[in-house]
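A look at the structure
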Amino acid sequence: MDGTRIPRPECAELNDPRPLVRPRLTLVVPTRNERESVPLLLRALEPAFGELPVEILFVDDSDDDTPATAARHAPDCRLPVRMIHREGGAREGGLAGAVLAGARQARGEWALVIDADLQHPPEAAAALARTALGHDVDIVVGTRYAGSGSTGDGLDGPVRRFVSRGSTLLTKATFPHRLAGVSDPMSGLFAFRTAAIDMDRLSPLGFKVLLELLVRHPGARVAEVAYRFAPRAAGTSKASLREGLRFLRHLARLRRPAPAAHRADGGPHSSTGRRDLGATARFLAFGLVGLSGIAVNTAALWFFHSVVGLQHLLGATLATQVSSLWNFALLETLVYRGGRGGDKRAVLVRGIAFLALNNLLLLGRLPLLQWLVDSGIGLLTANVLSLVVLFVARFLFSDLLIYRGRRDDGARRDPVRVLVAPGSVPPGTTAPAPAASAPAGSTASSPATASAPAGPAAAPGRHPKRPRYLTYRYDIAGTVTIGSQIRLPELEFFRAQWVPPDACDITVRVGDVGRRLPRHRAVMTEIPGRGGRQPTTVQYEEQLGRLGANFRVDIGDPIDVLVSPLLARSPHVVYTNVLEALLRFVLVARGRMLLHSATVELGGTGVMLSALTDTGKTSTVLRLLSEHGGRFLSDDMTVVDATGNALCFPKPLTISAHTLHAVRSDDLTPHEWRRLQRQSRLHSKEGRSFAFTLARHNLPIMGVNAVTQILVPPPKYAVDRLVACRLSSAVKVTELFVIERGAPRLSELGHDETVERLLVNTEDAYGFPPFRYFAPAITVDGLDHARLRSRERDVLSGFLSGVRTRVLASDRFGWADEIPRLLDADRPVVNGRPAPLVDGHPWPHWMPEAPEGEPPLPVRSGALPPHPALRTDSGTSHESESGGRTP
């Protein structure tokens, strides 16, 4: 069905709602002889959707008086109601055609499809709408087969239940990759972002519109919302044997290659005339090439060891180079055929990557080869066995990374499955234990498992053998307190053991998270809260079951974080990937912002640097401190408020390869220097890019990240160990430099554009999974994610109101030379010379408050007053707006 040939049917307004609000979501309701259901639906939709910005659009193919019934009842509905009535000769495509006709007329950015017979409960549709409007996805599917979802009484009889379940399994088996992570591709309750769907590519038959959406758009981001399928309120089912046969025909048609007009994206059947091999065919072809490579490798090893006389491990190393070149030549010409470009430079890059991969795997193969030889196995036999053991790893890395061709660009299903399960219990957990105040002798009911009926969200895990005491406590800028069972090196500066464990805003404990058994894909489950003692819960589980890097967050007061034992062994990952996101939004709720930036004080002037990750900000900060006598406040994140103040956030600095030249420390031992050089290469821009590449695939990326950090800890050092410098507690920022790589230039940046740039740079710091999956569920002090983001923008806008912003580009990492020169040029002249630098206030200055009417208490290092004045370079003071403690 080509949308360009279909005339747009007329759309009639059925009511005149007040107040008029532009809808963000359109409820598309296909109807056919539904006069009994329409009044019931209108009465149910209005309270369910409340204040959500939605409209109702009926697409009617009825032969009875359904249009007149809708027109009669629509004026009583406060939601905007419109209708498209298609006459008998214009009902092309049946229900599927009606859905597409409604989507083309939708005024909202989202179209949500719902049946008129109330088998899709309006409350479930409203939950699906909130997910669509709040999550960064393209399609939201109502599922009956995951979480708290159920077919309930909606399928009358075992035959219909068998047919429904069987057709779902058949569909998923037909499209195992394109429907990966979707549990109910046959659902009739779904929503899609109209801008993300090319409706001219769709030509669905019968009822299964969602199926075609998913198959034709394999790169669309998908979330699921569990719901219980309800009995039909009125009318009869439209299902029939004819519809079943139409479904099978449609399934077969979808399985065939897309029409030529739809191949412009260079997919697996692109118009170049060359068809890429499927995954199974590539695996078999790779295996055949590998067999020939084993023969070449074994022959080369025999030559180097038996003829030349080299030691067997050295011979194996040289043999690997020979077989790698052989394999690469065959892969390029027979298997992948230049899948990522055929120019010489692209071939050279792939060749270098392939050799590097094989030599990396060689490091793991040599110990295995030696062990096999020591066990009495012949050298050549042991060599073959070791090559076979690593075959699958070699194929996966080659296929996913080196030859990630155009067939995958924009056409890969998101590796993390997102499930919103209202009223469910987090998978693998038990229901809350009885309250401690229960009468003696009372017995608890049997715990509800993950497969139990819907119930309240589980309380934080209470492992009988694990204590709940929070050993480490932190006070962040006098605004947020954190208690943790694991030490958090990033927050070491804020250690505050005087904070009572039961007074922490965020808690971090260790326990079992998720189900015991492995799963096919990582899943992020969100269980919306019901207020009171049932907070919203988000739980992230990876493929390895409880052995994976899993976590759960109960977003209440306090916010309780439970991390798995593996994740607890990598505190850096816990802080960076989970805790910092929570800290960010708690600070926002209290009037401050955690801004991705660096801040130093140069001669009493507060100078802030902003840049995208891995630009060169850290090396610039180190040089400003060591060469220009600056005082340090932050390198990665800065706490700012709406009055222009920046407070210190001195996390340890991560030293990447291009930052080493800026380190000026005689305190590091030779061993530390050597280790720093190794660590900086792994934790560099290239290492980060490699990690992002892995994150696009169905891999336990959090677990990979955690294990990597355990084996090779990131090179983190306190700033005053890297360069001789002093710290400053707070400063009034007046200068902001957005540093970039490129041709040298200096330009002013307006206020609004600065706000946008800094928000983008801040968001760039949270690009690694799983932030974007669980962030939409965060609610703090009654502010949901959207309002928190809005307040964050307001805080940043206020902070920048008195700040001069300039973009400074350099092609030689020369920002540390230019910034002091620019500041000197702006400094007023006194007696023909620049005014002398103003020495900033020393660090630290904790000033305890004395009781009213008594003389001030003596200064004691480490004492933190409850409401101190914030000192700035101008000598003025600003009270903490949040009422918290500020250094």
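Above this text sits the structure in question.
Since we're looking at a predicted model, the values are computed, not measured.

Rules of the game
The residue count restarts for each chain, going from 1 along the sequence in the order it is written. Local features in this predicted model are restricted to residues whose pLDDT is 70 or higher, and side-chain atom pairs enter the listing and the counts only when it is 80 or higher, whereas totals over whole chains, interfaces and linings include all residues. Where side-chain values are given, they derive from all heavy atoms of the structure, hydrogens and water being excluded. Runs of H or I in DSSP of at least four residues are treated as helices and runs of E of at least two as strands, each being numbered from the N terminus. Here's how the labels work: a residue is buried when its accessible area is under 20% of the maximum for its type, exposed when over 50%, partly exposed in between, all with a 1.4 Å probe on protein chains only. Any two residues whose heavy atoms approach within 4.5 Å at even a single point are treated as in contact. Per-residue and other accessible areas were derived by the Shrake-Rupley procedure at a 1.4 Å probe size, with only the shown protein chains allowed to occlude residues. The salt bridge definition used is simple: a Lys or Arg side-chain nitrogen within 4 Å of an Asp or Glu carboxyl oxygen. Strands were regarded as paired on the criterion that DSSP finds at least two bridges between them. Axes here refer to lines fitted to C-alpha atoms; in helices the fit is confined to the stretch in contact. Angles between the N-to-C directions go from 0 to 180 degrees. We call two directions roughly parallel when the angle between them is under 35 degrees, roughly antiparallel when it is over 145, roughly perpendicular when it lies between 65 and 115, and oblique otherwise. Left-handed is the label given to a crossing in which the near helix is rotated counterclockwise from the far helix by less than a right angle, and right-handed is the label when the rotation is clockwise. Basically, the charged four are Asp, Glu, Lys and Arg, the nonpolar ten are Ala, Val, Leu, Ile, Met, Phe, Trp, Tyr, Cys and Pro, and anything else, Gly included, counts as polar. Throughout this description, the term nonpolar core refers to a set of buried Ala, Val, Leu, Ile, Met, Phe, Trp, Tyr and Cys residues connected via side-chain atoms within 4.5 Å. Note: the arc covers the axis-to-C-beta directions of the helix. Classification of ring pairs rests on two measures: the distance between centres of Phe, Tyr or Trp rings, Trp counted by its six-membered ring, which must be within 6.5 Å, and the angle between planes, read as stacked under 30 degrees, edge-to-face over 60 and tilted in between. A ring is scored as having a charge over it whenever the NZ atom of a lysine or the CZ atom of an arginine sits within 6 Å of its centre and within 35 degrees of its normal. Patch definition: residues with relative accessible area over 30% and no salt bridge; like charges joined within 9 Å; nonpolar side chains (Val, Leu, Ile, Met, Phe, Trp, Tyr) joined within 5 Å. Multiplying one less than the number of residues by 1.5 Å gives the expected span of a helix.

**Concerning the overall build of the chain**
Within the chain, the secondary structure is distributed over 23 helices and 32 strands. Counting the 887 residues in the chain, one finds 52% classified as buried. Within the chain, counting contacts between residues at least 6 apart in sequence, those at least 24 apart form 75% of the total. For the chain, the accessible surface area stands at approximately 39,400 Å², while carbon and sulfur atoms represent 57% of it.

**Digging into the pattern of salt bridges**
In total, this model carries 38 salt bridges according to the counting rule given. For lysine 651, the salt bridge goes to aspartate 636, with nearest N and O atoms at 2.7 Å. With lysine 651 in the loop between strand S22 (645-647) and strand S23 (653-654) and aspartate 636 in the loop between strand S20 (631-634) and strand S21 (637-641), the pair connects residues that are 15 residues apart, well separated along the chain. The exposure class of aspartate 636 is partly exposed, given its relative accessible area of 25%. Among the ionic pairs, arginine 804 bridges to glutamate 748, the shortest N-O distance being 2.8 Å. Pair noted here: arginine 804 is in strand S28 (residues 804-810) and glutamate 748 is in strand S27 (residues 745-748), with a separation of 56 residues, a long-range link.

**A look at the environment of leucine 52**
Relative to the helices and strands, leucine 52 is located in the loop between helix H1 (37-49) and strand S3 (54-60). Separated by 28 residues in sequence, leucine 52 and arginine 24 have C-alpha atoms that sit 8.4 Å apart.

**Structural notes on the pairing of strand S12 (residues 506-510)**
It is a general feature of regular strands that their side chains alternate between the two faces of the sheet. With 5 of its 5 residues buried, S12 lies for the most part within the structure. Neither face of S12 is left uncovered, since the one carrying Ile506, Val508 and Val510 and the one carrying Thr507 and Arg509 both have all their residues buried. In this structure, strand S11 (residues 480-484) lies alongside S12, joined through 3 bridges in parallel fashion. Its bridge partner lying in S12, serine 484 is registered against valine 508. With 5 bridges connecting them, S12 and strand S16 (residues 559-563) associate as parallel partners. Bridged to isoleucine 506 within S16 is isoleucine 559.

**Quick notes on the packing of helix H20 (residues 751-764) against helix H22 (residues 785-799)**
Where H20 contacts H22, the axes come no closer than 10 Å and their chain directions differ by 125 degrees. The orientation of H20 with respect to H22, classified from their angle, is oblique. Between H20 and H22 the crossing geometry is right-handed. Taken together, the residues of H22 that come into contact with H20 (itself represented by His751, Val755, Glu756, Leu758, Leu759 and Glu763) are Arg789, Glu792, Arg793, Leu796 and Ser797. Considering only residue class, the contact of H20 with H22 consists of 4 nonpolar, 2 polar and 5 charged.

**Re the nonpolar core**
Phe49, Ile56, Leu112, Ile482, Leu491, Phe551 and Phe649 are the most contacted members of the largest nonpolar core, which has 105 residues in total. It is helix H14 (residues 571-589) that provides the largest number of residues to this core, a total of 13 residues. Residues in contact with leucine 112, not counting those within four places in the same chain, are Leu25, Thr26, Leu27, Val28, Ala125, Leu128, Ala129, Leu189, Phe190 and Ala191. Ranked by size, the runner-up nonpolar core spans 34 residues in total, among them Val59, Ile197, Leu214 and Leu254.

**Thoughts on helix H2 (residues 66-73)**
Residues separated by three or four positions in an α-helix point in the same direction, a consequence of the helix having 3.6 residues per turn. Among the residues of H2, Thr66, Pro67, Thr69 and Ala70 are the ones counted as buried. The arc enclosing the buried residues of H2, seen along the axis, measures out at 160 degrees, which places them on a common side. Buried residues belonging to H2 abut strand S2 (25-31), H1, S3 and strand S4 (81-85).

**Points about the side chain of asparagine 761**
On the secondary structure map, asparagine 761 appears in helix H20. Apart from residues lying up to four places away in sequence, asparagine 761 is in contact with His596, Ser610, Ala611 and Leu612.

**Observations concerning the packing of aromatic side chains**
Scanning all chains against the criterion turns up 12 aromatic pairs. Centre to centre, the rings of phenylalanine 494 and phenylalanine 649 are 5.4 Å apart; their planes meet at 40 degrees, and the pair counts as tilted. Within this pair, whereas phenylalanine 494 is found in the loop between S11 and S12, its partner phenylalanine 649 is found in the loop between S22 and S23, the two being separated by 155 residues in sequence. There is no split in this pair, since phenylalanine 494 and phenylalanine 649 are both buried. Where phenylalanine 585 meets phenylalanine 771, the ring centres are 6.5 Å apart and the plane angle is 5 degrees; that geometry is what we call stacked. In this pair, phenylalanine 585 sits in helix H14 while phenylalanine 771 sits in helix H21 (residues 771-774), placing the two residues 186 residues apart along the sequence. Since its relative accessible area comes to 0%, phenylalanine 585 is described here as buried. Clustering of aromatic rings is evident, with ring pairs tying together Tyr540, Phe551, Phe585, Tyr766, Phe771 and Phe774. The residue whose ring lies beneath arginine 144 is phenylalanine 229, and the NZ or CZ to ring-centre distance is 5.3 Å.

**Overview of a nonpolar patch on the surface**
Taken together, Trp302, Phe303, Val307, Val308 and Leu380 make up a surface patch of nonpolar side chains, about 450 Å² in accessible area. Ranked by residues supplied to the nonpolar patch, first place goes to helix H8 (residues 279-307) with 3 residues. Among the secondary structure elements, valine 307 is positioned in helix H8. The class for valine 307 is partly exposed, based on a relative accessible area of 48%.

**So, unusual backbone geometry**
Following aspartate 557, the chain continues to proline 558 via a peptide bond in cis, the omega torsion being 5 degrees. Within the secondary structure, proline 558 sits in the loop between strand S15 (551-555) and S16. A cis amide bond links proline 769 to the next residue, proline 770, at an omega of 5 degrees. Tracing the sequence through the fold places proline 770 in the loop between H20 and H21. Positive phi, normally seen in glycine, also occurs at aspartate 781, with a value near 50 degrees. By the element assignment, aspartate 781 lies in the loop between H21 and H22.

**So, the environment of alanine 98**
Summarising the element assignment, alanine 98 is placed in helix H3 (residues 94-105). Linking alanine 98 and isoleucine 84, residues 14 residues apart in sequence, is a C-alpha distance of 9.0 Å. If we ignore the near neighbours within four places in the chain, the residues touching alanine 98 are Pro30, Val59, Asp61 and Arg86.

**Regarding H22**
With 15 residues, H22 extends 21 Å between its outermost C-alpha atoms, agreeing within 8% with the 21 Å of an ideal straight helix rising 1.5 Å per residue. All of the buried residues in H22 are His785, Leu788, Glu792, Val795, Leu796, Gly798 and Phe799. Looking straight down H22, one finds its buried side chains confined to an arc of 160 degrees; they lie on one side. Exposed and oriented more than 90 degrees from the buried face of H22 are Ala786 and Asp794.

**Considering the pairing of strand S10 (residues 472-476)**
Of all the 5 residues making up S10, 4 are buried; the element is thus mostly covered by neighbouring parts of the structure. Of the pairings in the sheet, the one linking S10 to S11 comprises 5 bridges and is antiparallel in character. Each residue of the ladder has a partner; that of tyrosine 472, found in S11, is serine 484. If you look at the hairpin formed by S10 and S11, you'll find 3 residues sitting between the two strands, and alanine 477 has a positive phi there, around 55 degrees.

**A short note on the packing of H14 against helix H18 (residues 701-711)**
Geometrically, a packed helix pair is captured by the angle between its two axes and the distance between the axes. Look at H14 against H18: their axes get within 8 Å of each other, and the N-to-C directions meet at 140 degrees. Taken together, H14 and H18 sit at an angle that is classed as oblique. When H14 is examined against H18, the residues His572, Val573, Asn577 and Val578 are found in contact with a partner set consisting of Met702, Asn705, Ala706 and Gln709. Taken together, the residues of the contact of H14 with H18 sort by class into 4 nonpolar, 4 polar and no charged.

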